[in-house]
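The residues making up each chain are set out below.
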Amino acid sequence: MTRAPNQRVLRAFGLVLAIASVILPALPMGPLFAQPPLPLAVLWAAYGWAAEDEAGWRAPLLLAALGLLHDQMAGGPYGLFVALYLSAYLMGRIVAAAMSAPNLVSLWGGFIVTALLSIVIAWLLAPIGLGRQVGIGPYAEAALITAILFPLVRPLYMSGVGARAAQPGARR
Amino acid sequence: MARRRSGFRRAGAGRKLTLGVIVAALLALGAVGAVVYQSGQPASVGQQVGDDIATGGGRVATGPVRAGEGFVSRLLNMWDATARIEALEKENRDLRAWRDLAERLAERNARYEALLRMPEDAFGAGADVSQSIAAQLVLDSGGPFTRTLVANAGADHGVRVGYIAVNENGLVGRVVSVGRRSARVLMLDDYTSRIPVMGEASRVRAVLAGQATRPPELITRPFQMQAPMLDFIVGAQSLREGERVITSGDGGLYPRGIPVGVARRDGSGQWRVALAAAQQPIDFVRILPYVGVERPEESAVVGDGPPRAADSSVSAIGTQTMAPPPTYQAAPPPAPRPQAPAQQPAAPRPQPAPAQPTTPQPAAPQPAAQQPATPQPAEPAPAEPQE
């Protein structure tokens with residue numbers, strides 16, 4: 001019988017994946033990291049950390065730091081990715097508070113809603129910081145890819161849900 | 001019973017504002033304020049310093065990867081080496097035929113230009129090529145909104161905002177931000193990139209608009225909407241598929257004549273440009289200073305009349321309508337054409353300039369007496385202007 005990996009180890013992998021998703025596209029290492037667009041792993045982290053660590057202040061600070069790093073790498077205005085990631089965090093809090101009995105499907109649906117909200121915020125905020133010509137198509141594409149891949153990486157950012165956890169989101 | 005740690009297990013109970021939510025909300029509001037504050041402003045000093053730091057990290061991070069990438073690509077290329085050699089040999093044979101044709105056409109073109117006293121069509125007229133700065137690109141934009149590259153040469157190396165970045169294939173972009181040891185280059189396919197370009201053969205003017213994930217679009221529509229510029233409608237129609245697109249120099253941001261790419265028409269009929277710089281991964285670039293063309297008011301010369309320089313094509317156009325006939329005797333004989341030489345009309349033999357104008361044979365005796373004693377050309381010259 002195989003042992004399930006430690007939750008702390010999984011979270012560490014999740015954090016590394018989030019940082020890598022910010023840094024790797026910025027390195028000119030050929031088309032491997034450019035096409036197709038890499039998923040925005042920080043959105044996974046924001047959504048998962050919002051559900052798992054509701055009262056902590058470290059998750060928003062870490063997300064803000066990752067957003068600043070992404071802004072620096074992108075050469076864009078400081079604050080754009082910070083706002084996107086923190087909005088995903090806040091949306092994750094709302095979803096976590098609203099769900100009574102989350103399962104994989106409802107969590108996935110919640111993340112899709114979160115990704116769509118971040119697209120809306122990008123649509124509102126990016127023209128302010130980058131000019132009216134800016135298009136959010138590439139961001140929307142990356143966010144949708146992120147949403148599609150969410151079930152595969154959910155264990156890195158959230159504890160297990162399903163049959164072993166009886167009614168994990170049940171109201172007390 | 002073990003303590004439940006997941007937030008979802010307490011879902012529904014956390015509807016009050018927690019510390020995390022408050023911190024996140026405050027930070028998000030601050031971020032939005034920062035974006036609004038930076039709107040329309042140039043890159044901040046912090047951004048330039050950050051680029052300098054990231055440049056060092058990027059060089060360290062990409063070094064091993066690039067070395068490994070080259071090793072792997074060499075290994076992979078060994079598998080189909082024979083087939084590639086055969087394909088290259090075939091391509092080489094085809095290219096030799098094209099080279100012969102290009103040499104003949106270039107020679108003819110040089111004769112025509114000499115005949116018309118055309119000024120030399122130099123690469124990037126206005127760019128100070130001798131003062132170019134070589135740099136390596138160490139960071140990509142890393143974001144879905146902008147398309148920029150960071151080069152490892154900055155103010156310490158002489159780079160300034162507005163310099164032009166080119167690689168061995170063509171134009172890459174323009175420097176928009178400079179740190180001490182780094183410079184950020186706005187690429188041609190960025191959403192905010194707008195460059196005046198023209199077709200090299202048709203001379204059609206257009207604006208190259210970046211579209212990030214797709215090849216840049218050639219915008220000719222705004223010109224068509226302006227009634228006084230109807231010429232552009234004709235120009236847009238004469239743009240040809242596969243025509244080379246170069247910078248036109250209009251607007252004074254880019255030098256004239258730098259290769260940009262090749263005009264392509266997409267499925268919807270929209271003209272786009274396959275960027276020349278994107279033929280292969282962009283690694284090294286040359287950063288060129290651009291010295292804009294001065295306006296005549298800024299460099300007015302007080303003189304006693306219009307210039308009459310012998311090598312000025314502008315003055316030549318004003319003073320003479322035709323260049324003196326070339327000395328065909330001194331020119332080398334034209335290369336024989338392999339394609340059906342017997343069907344080609346005989347090359348016009350140079351006739352020596354007549355010492356005395358010959359009197360033409362009149363078609364009718366009465367009008368001939370009224371004609372001036374000047375030689376008549378084989379075809380009548382356009383004596384009346386076309387309306």
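Residues numbered from 1 in each chain as written. Chains lettered and ligands numbered in written order. Predicted model: local features only at pLDDT ≥ 70, side-chain atom pairs only at ≥ 80, totals over all residues. Heavy atoms only, no water.

## Considerations on the overall build of chain A
At step 1: Tallying secondary structure elements over chain A gives 7 helices and 0 strands in all.
At step 2: Reading the helices (α) and strands (β) of chain A from amino to carboxyl end gives α-α-α-α-α-α-α.
At step 3: Per-residue burial for chain A yields a buried fraction of 53% across its 172 residues.
At step 4: Put simply, 71% of the contacts in chain A that link residues at least 6 apart link residues at least 24 apart. (Helix = DSSP H or I, 4+ residues; strand = E, 2+ residues; numbered from the N terminus. Buried < 20%, exposed > 50% of the residue type's maximum accessible area, 1.4 Å probe, protein only. Contact = heavy atoms within 4.5 Å.)

## Here we look at the pairing of strand 1 (residues 133–140) of chain B
All names here are of chain B.
At step 1: Of all 8 residues making up strand 1, 6 are buried, and the element is well covered by its neighbours.
At step 2: Inspection of the sheet shows strand 1 paired to strand 12 (residues 284–288) by 4 bridges, in the antiparallel sense. Bridge pairing in strand 12 places Ala134 opposite Arg286.
At step 3: Bridge count between strand 1 and strand 2 (residues 148–151): 3 bridges; the pairing is antiparallel. Bridge pairing in strand 2 links Asp140 to Leu149. (Pairing = 2+ DSSP bridges.)

## Digging into helix 6 (residues 137–148) of chain A
For the α-helix, the turn length of 3.6 residues means that residues three or four positions removed from each other point alike.
Residues and elements named next belong to chain A.
At step 1: Helix length check: helix 6, at 12 residues, gives a terminal C-alpha distance of 16 Å against a target of 16 Å (1.5 Å per residue), a fit within 8%.
At step 2: Those residues of helix 6 lying buried are Pro138, Tyr139, Ala140, Ala142, Ala143, Thr146 and Ala147.
At step 3: Looking at the buried positions of helix 6, the neighbouring elements they touch are helix 2 (41–52), helix 4 (80–98), helix 5 (104–130) and helix 7 (150–157). (Expected span 1.5 Å × (residues − 1).)

## Let's talk about a nonpolar patch on the surface
All names here are of chain B.
At step 1: Among the surface-exposed residues, Phe71, Val72, Leu75, Leu76, Met78 and Trp79 lie close enough to one another that they form a single nonpolar patch of about 730 Å² accessible area.
At step 2: Relative to the helices and strands, Leu75 resides in helix 2 (residues 45–77).
At step 3: Note on Leu75: relative accessible area 40%, which makes it partly exposed. (Patch = residues over 30% accessible without salt bridge, like charges linked within 9 Å, V, L, I, M, F, W, Y side chains within 5 Å. Areas by Shrake-Rupley, 256 points an atom, 1.4 Å probe, with all protein chains shown as cover. Salt bridge = Lys/Arg side-chain N within 4 Å of Asp/Glu carboxyl O.)

## Quick notes on the packing of helix 1 (residues 7–23) of chain A against helix 3 (residues 58–74) of chain A
All names here are of chain A.
At step 1: Two elements in contact, helix 1 and helix 3, have axes whose closest approach is 9 Å; the angle formed by their N-to-C orientations is 20 degrees. On the basis of the axis angle, helix 1 is roughly parallel to helix 3. The element helix 1 and its partner helix 3 pack so that their crossing is right-handed. Two secondary-structure elements touch here, helix 1 through Leu15, Ala18, Ile19, Val22 and Ile23 and helix 3 through Leu62, Leu66, Leu69, His70 and Met73. (Axes fitted to C-alpha atoms, helices over the stretch in contact; angles between N-to-C directions. Parallel < 35°, antiparallel > 145°, perpendicular 65-115°, else oblique. Left-handed = near helix turned anticlockwise from the far one by under 90°.)

## Observations regarding the nonpolar core
At step 1: One finds Tyr47, Tyr139 and Tyr157 of chain A together with Phe145 of chain B to be the most contacted residues of the largest nonpolar core, which totals 58 residues.
At step 2: For this core, the secondary structure elements donating two or more residues are helix 1, helix 2, helix 3, helix 4, helix 5, helix 6 and helix 7 of chain A together with helix 1 (19–38) of chain B.
At step 3: Sorting elements by how many residues they give to this core places helix 4 of chain A first, with 12 residues.
At step 4: Excluding its chain neighbours within four sequence positions, the residues that come into contact with Tyr139 of chain A are Leu40, Leu43, Phe81, Leu84, Ser118, Ile119 and Ala122 of chain A together with Pro144 and Phe145 of chain B. (Core = buried A, V, L, I, M, F, W, Y, C linked by side-chain atoms within 4.5 Å.)

## Considering unusual backbone geometry
At step 1: Look at Arg203 of chain B: it is not a glycine, yet its phi comes out positive at around 60 degrees.
At step 2: Residue class for Arg203 of chain B comes out partly exposed when judged on its relative accessible area of 35%.

## Section: the packing of aromatic side chains
All names here are of chain A.
At step 1: Tallied over the full model, the rule gives 7 aromatic pairs over all chains.
At step 2: Judged by centre distance (5.2 Å) and plane angle (75 degrees), the rings of Tyr47 and Phe111 are edge-to-face. Of this pair, Tyr47 sits in helix 2 while Phe111 sits in helix 5; the two residues are 64 residues apart in sequence, bridging distant segments of the chain. Considered together, Tyr47 and Phe111 belong to a single accessibility category, that of buried residues.
At step 3: Each ring, one from Phe81 and one from Tyr85, has its centre 5.9 Å from the other, and the planes form 40 degrees; the classification is tilted. Here Phe81 and its partner Tyr85 are both found in helix 4, 4 residues apart, which amounts to about one turn of the helix. Like Tyr85, Phe81 is buried. (Phe/Tyr/Trp six-rings, centres within 6.5 Å; stacked < 30°, edge-to-face > 60°.)

## Looking at the pattern of salt bridges
Pairing between side chains of opposite charge can happen when their charged atoms approach one another.
Residues and elements named next belong to chain B.
At step 1: Per the stated rule, a full pass over the model turns up 7 salt bridges over all chains.
At step 2: A salt bridge links Arg147 to Asp189, with the shortest nitrogen-to-oxygen separation between them at 3.3 Å. Of this pair, Arg147 sits in the loop between strand 1 and strand 2 while Asp189 sits in the loop between strand 5 (183–187) and strand 6 (194–199), and the two are 42 residues apart along the sequence.
At step 3: Classification of Asp189 as buried rests on a relative accessible area of 9%.
At step 4: A salt bridge links Asp156 to Arg180; its shortest N-O distance comes to 3.3 Å. One end of the pair, Asp156, is in the loop between strand 2 and strand 3 (164–166); the other, Arg180, is in the loop between strand 4 (171–178) and strand 5, and 24 residues separate them in sequence.
At step 5: Judged by relative accessible area, which is 47%, Asp156 ranks as partly exposed.

## Concerning the sheet that holds strand 2 of chain B
Residues and elements named next belong to chain B.
At step 1: The sheet built from 6 strands closes into a barrel, its strands ordered 1-2-5-4-3-12 with antiparallel pairing. Strand-to-strand twist of the sheet, defined as the mean angle between neighbouring strand axes without regard to direction, takes the value 45 degrees.
At step 2: The sheet contact formed by strand 4 and strand 5 spans 5 bridges and is antiparallel. For Val175, the partnering residue across the bridge sits in strand 5 and is Val185.

## Considering the confidence of the model for chain B
Residues and elements named next belong to chain B.
At step 1: A residue-level look at chain B finds 61% of positions with pLDDT of 70 or above and a mean pLDDT of 70.
At step 2: Under a pLDDT of 50 for its full length, residues 315–321 has, in the predicted model, 6 contacts with residues more than four places off or in other chains.
At step 3: Taken as a whole, residues 337–387 scores under 50 in pLDDT and shows 10 contacts with residues more than four places along the chain or in a different chain.
At step 4: Complex prediction metrics read pTM 0.63 and ipTM 0.78. (pLDDT = per-residue confidence, 0-100.)

## What to know about the pairing of strand 6 of chain B
Residue and element names in this part refer to chain B.
At step 1: In terms of residue burial, strand 6 counts as a mostly covered element, since 5 of its 6 residues are buried.
At step 2: With 5 bridges joining them, strand 6 and strand 7 (residues 205–211) adopt antiparallel strand pairing. Within strand 7, the position partnered with Pro196 by the bridge is Val207.
At step 3: Between strand 6 and the antiparallel strand that follows it, strand 7, lie 5 residues; Arg203 among them carries a positive phi value of about 60 degrees.

## What about helix 5 of chain A?
All names here are of chain A.
At step 1: With 27 residues, helix 5 ought to run about 39 Å at 1.5 Å a step, and its terminal C-alpha atoms sit 37 Å apart, in line with that.
At step 2: Of all the bends in helix 5, the greatest reaches close to 30 degrees and is centred on Leu124; the proline Pro127 follows between one and four positions later.
At step 3: Two residues or fewer after helix 5 comes Gly131, characterised by a positive phi angle close to 105 degrees. (Bend = angle between axes of the 7 residues up to and from the residue.)

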